[in-house]
Amino acid sequence: MLDLTGKVVLVTGGSRGIGAATVRTLAAAGADVLVHYGRGEDEARSLVAEVGEERATALGADLAQPEAGAVIFREALTWRGRVDVLVNNAGIAPTVTVDAPDDAWADTWAQTLQVNLVAVADLCREAILHFRTRGGGTIINVASRAAFRGDNPDAMHYAASKGGVIALTRSIARGYAREGILAYAVAPGWVRTDMAEGYLREHAADIARDIPMGDVVPPEEVAHTIAFLASGLARHMTGATLDLNGASYV
Ligand code: NAD
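Criteria and thresholds
- Residues numbered from 1 in each chain as written.
- Predicted model: local features only at pLDDT ≥ 70, side-chain atom pairs only at ≥ 80, totals over all residues.
- Heavy atoms only, no water.
- Core = buried A, V, L, I, M, F, W, Y, C linked by side-chain atoms within 4.5 Å.
- Buried < 20%, exposed > 50% of the residue type's maximum accessible area, 1.4 Å probe, protein only.
- Helix = DSSP H or I, 4+ residues; strand = E, 2+ residues; numbered from the N terminus.
- Pairing = 2+ DSSP bridges.
- Right-handed = clockwise from strand over helix to strand, strands pointing away.
- Axes fitted to C-alpha atoms, helices over the stretch in contact; angles between N-to-C directions.
- Parallel < 35°, antiparallel > 145°, perpendicular 65-115°, else oblique.
- Left-handed = near helix turned anticlockwise from the far one by under 90°.
- Contact = heavy atoms within 4.5 Å.
- Nonpolar A, V, L, I, M, F, W, Y, C, P; charged D, E, K, R; others polar.
- Salt bridge = Lys/Arg side-chain N within 4 Å of Asp/Glu carboxyl O.

On to the nonpolar core, then. Among the nonpolar cores identified, the biggest contains 35 residues, and Leu26, Val33, Val186 and Val222 are the most heavily contacted of them. Counting residues in hydrophobic clusters, the runner-up holds 27 residues, among them Leu63, Ala76, Phe131 and Ile181.

Most of strand β2 (residues 32-37) sits out of view: six of its six residues are buried. Relative to β2, strand β1 (residues 8-11) is paired through four bridges, and the arrangement is parallel. By the bridge assignment, Leu10 is partnered in β2 with Leu34. Since β1 and β2 lie parallel, the crossover through helix α1 (residues 17-28) that links them has a hand, and here it is right-handed. Looking at chain direction, β2 and strand β3 (residues 56-60) are connected through five bridges and run parallel. Pairing of Val33 across the sheet is with Ala56, part of β3. Tracing the backbone out of β2, into helix α2 (residues 41-51) and back to the parallel element β3 gives a crossover that is right-handed.

To continue, consider the packing of α1 against helix α9 (residues 219-230). Taken N-terminus to C-terminus, the directions of α1 and α9 make an angle of 50 degrees; their axes are 8 Å apart at the nearest point. Relative to α9, the element α1 is oriented oblique. Judged by the sense of rotation from one axis to the other, the crossing of α1 with α9 is right-handed. Where α1 approaches α9, its residues Gly17, Ile18, Ala21, Thr22, Thr25 and Leu26 are matched on the opposing element by Pro219, Glu220, Val222, Ala223, His224, Ile226, Ala227 and Ala230. A per-class count over the contact of α1 with α9 returns nine nonpolar, four polar and one charged.

For the structure shown, the criterion picks out 13 salt bridges. With a closest N to O distance of 3.1 Å, Arg134 and Asp84 form a salt bridge. Placement of Arg134 in helix α4 (residues 102-134) and of Asp84 in the loop between α3 (68-80) and β4 (85-88) is noted, with a sequence separation of 50 residues between them. Accessibility expressed as a relative area gives 14% for Asp84, which makes it buried.

Here it is in structure tokens:
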């Protein structure tokens, strides 16, 4: 098992899905974890109780609100006085058709870009400002295979937001490597979580045919990948985006 003892990690959207699997994996590897949640306060608190209150704490904020990203990071610093690793996992995947009313189209784009990209950039910015006072730190951003492959045509805003996350990650890696700041992205294909559940149920046969491994990604595998990146065992991979898709590449 990787040893993350002593590392303080902030996981956004840590209350369920990939985020909750990540919190469990990081805590099992010895990290102290801040479990950020949007709406799932009860889930976040029961996860903290499961992990142990001496090792985890819950932190709520709606990333759809401008400036929430900066506020969360600053609040996170008050728990242990530092953050060593930021995992930007929170995200949304609404759909909208091209023939939807203008306001529905505009709202979907604005909300998706705010939560999936602008809030991520705001959190990264705060992390960089903090990390540079400490000689380094690690950022891990959850992107998506959709960034490379496109997505459902009713979710092009989602694909665009995740493409932005990958470009953001690489810019940070290149720009701040000399200050010891590392940035990685992970790009999962379908992962079995609440976000994907409905679609996976409806399109099970097509999805299984499309994935050479024949199965969608378990959230724990994304969590293990994040833990590996957080460990510092492969620092020179900074800027990389790691695929998890059962060989269903573009
Ligand atoms: P999920 O819906 O189970 O969890 C999403 C998390 O984000 C939740 O904890 C939720 O509270 C949080 N969140 C959403 N909107 C928020 C807001 N406005 N403010 C604060 N928190 C908010 O989804 P998941 O499948 O675990 O997704 C996690 C990440 O993985 C997302 O970034 C998603 O885009 C990405 N991803 C998922 C899949 C998949 O197939 N499930 C595939 C590729 C990438």
